[in-house]
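Coordinate inspection notes
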Amino acid sequence: MYFESRAVAGAKLAAELLDKYRYANTAVVSLDTGGVAVGYQIAIYLHTTLQMLLSETIHIDDESVDYATVLPGGVVAKNPNMSEQEGDYYYGEYAGQLDDEIREAATRINRMLGDGGDIDAAILRGRNVILVSDGLGSGTMLDAAVEWLKPVRAEKIILACPIIALDALDRAHILMDELHILGVTPNFISTDHYYDNDDAPDQDMIKKMMNATILDWK
């Protein structure tokens, strides 16, 4: 369950995916910043592209609950663990606040997209999409990513993740077409806990990795 670095974990996942997907119509999409370091290794060995799915969580502090995830294109994915009745209640109580926070989050995402964080949904259409994270403590982001991918009509949605919580794995089995997981834990602590070296990239390195992926194909 522990890894020297995200790069090492990514290389291990790439080895699992290589035979099946190197010459397939495939794209790698990171779900988080640390996932870029994992996904970069997968992308350079599979000879494909690397993109990052930007997102923001809308959290209601008074209730200590995550209400929704905002994604590019104005997509808002409600928390899958929240019932329709709960969603209606929270929106009734915090309607103005939630509308403002969702709009502001969408604006920030659009600004980041225009600043070199582009993700082009059009090039994912009909492809095998490999979603990558450096660690998932819950399945919430998987639900959000699947919601965002609906109009794309991907051929197959695959999850590649070095370490995942047991609850998140259960959700992944429902949502994903294929899983590549290196370790599962019932008590997920924090993503950094499972790596000896902190090689999570900063924003400048994320841009460099995404721009250099094709040039660095192995």
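Relevant structure appears above.
Everything in this summary refers to the structure shown in the same document.

Criteria and thresholds
Residues numbered from 1 in each chain as written. Predicted model: local features only at pLDDT ≥ 70, side-chain atom pairs only at ≥ 80, totals over all residues. Heavy atoms only, no water. Salt bridge = Lys/Arg side-chain N within 4 Å of Asp/Glu carboxyl O. Helix = DSSP H or I, 4+ residues; strand = E, 2+ residues; numbered from the N terminus. Buried < 20%, exposed > 50% of the residue type's maximum accessible area, 1.4 Å probe, protein only. Axes fitted to C-alpha atoms, helices over the stretch in contact; angles between N-to-C directions. Parallel < 35°, antiparallel > 145°, perpendicular 65-115°, else oblique. Contact = heavy atoms within 4.5 Å. Pairing = 2+ DSSP bridges. Phe/Tyr/Trp six-rings, centres within 6.5 Å; stacked < 30°, edge-to-face > 60°. Arc of directions from axis to C-beta.

In the structure shown here, the tally under the stated rule is 10 salt bridges. When the shortest N-O distance is used, the salt bridge between Arg6 and Asp198 registers 3.7 Å. Separated by 192 residues along the polypeptide, Arg6 in helix α1 (residues 6–21) and Asp198 in the loop between β8 (178–185) and α6 (203–212) bring together distant segments of the chain. Overall, the relative accessible area of 1% leaves Arg6 in the buried class. Each of Arg6, Asp134, Asp192, Asp198 and Asp199 takes part in salt bridges that share partners, so that together they form one network.

With that out of the way, let us pick up the packing of helix α4 (residues 140–149) against helix α5 (residues 166–175). Two packed helices can be described by the angle between their axes and the distance between those axes. Contact pair α4 / α5: the axes reach a minimum separation of 9 Å and the direction vectors enclose 20°. Judged on the interaxial angle alone, α5 and α4 are roughly parallel. Here α4 contributes Leu142, Asp143 and Val146 to the contact with α5, which in turn contributes Ala168, Arg171, Ala172 and Leu175.

In this section: the sheet that holds strand β5 (residues 75–78). One open sheet accounts for 3 strands, arranged β3-β4-β5; its pairing is antiparallel. Only two strands of the sheet have a single neighbouring strand rather than two, namely β3 (56–60) and β5. When the angles between neighbouring strand axes are averaged without regard to direction, this sheet yields 25°. Note that strand β4 (residues 65–71) and β5 share 4 bridges and pair antiparallel.

A word on the packing of aromatic side chains. For the structure shown, the criterion picks out 4 aromatic pairs. Measuring from ring centre to ring centre gives 5.6 Å for Tyr2 and Tyr194, while their planes differ by 35°; the resulting arrangement is tilted. Placement of Tyr2 in the segment before α1 and of Tyr194 in the loop between β8 and α6 is noted, with a sequence separation of 192 residues between them. Classification of Tyr2 as exposed rests on a relative accessible area of 52%. Note on Tyr194: relative accessible area 2%, which makes it buried.

This brings us to α6. Buried within α6 are the following residues: Ile206, Met209 and Met210. Angular distribution of buried residues about the axis of α6 spans 95°; they occupy a single face of the element. Those residues of α6 that are exposed and angled more than 90 degrees off the buried face are Asp204, Lys208 and Asn211. Turning to α6, the residues buried within the fold contact α2 (33–46) and β2 (49–52).

All right, on to the side chain of Thr191 then. Counting through the fold element by element, Thr191 comes out in the loop between β8 and α6. Overall, the relative accessible area of 19% leaves Thr191 in the buried class. Beyond its immediate sequence surroundings of up to four residues, Thr191 is in contact with Arg6, Asp134 and Gly135.

The next point concerns unusual backbone geometry. Phi at His47 is positive, roughly 60°, even though this residue is not glycine. Mapped onto the elements, His47 comes out in the loop between α2 and β2. According to the relative accessible area criterion, His47 is partly exposed, its value standing at 28%. The backbone phi angle of Arg153 is positive, close to 55°, even though this residue is not glycine. Within the secondary structure, Arg153 sits in the loop between α4 and β7 (156–165).

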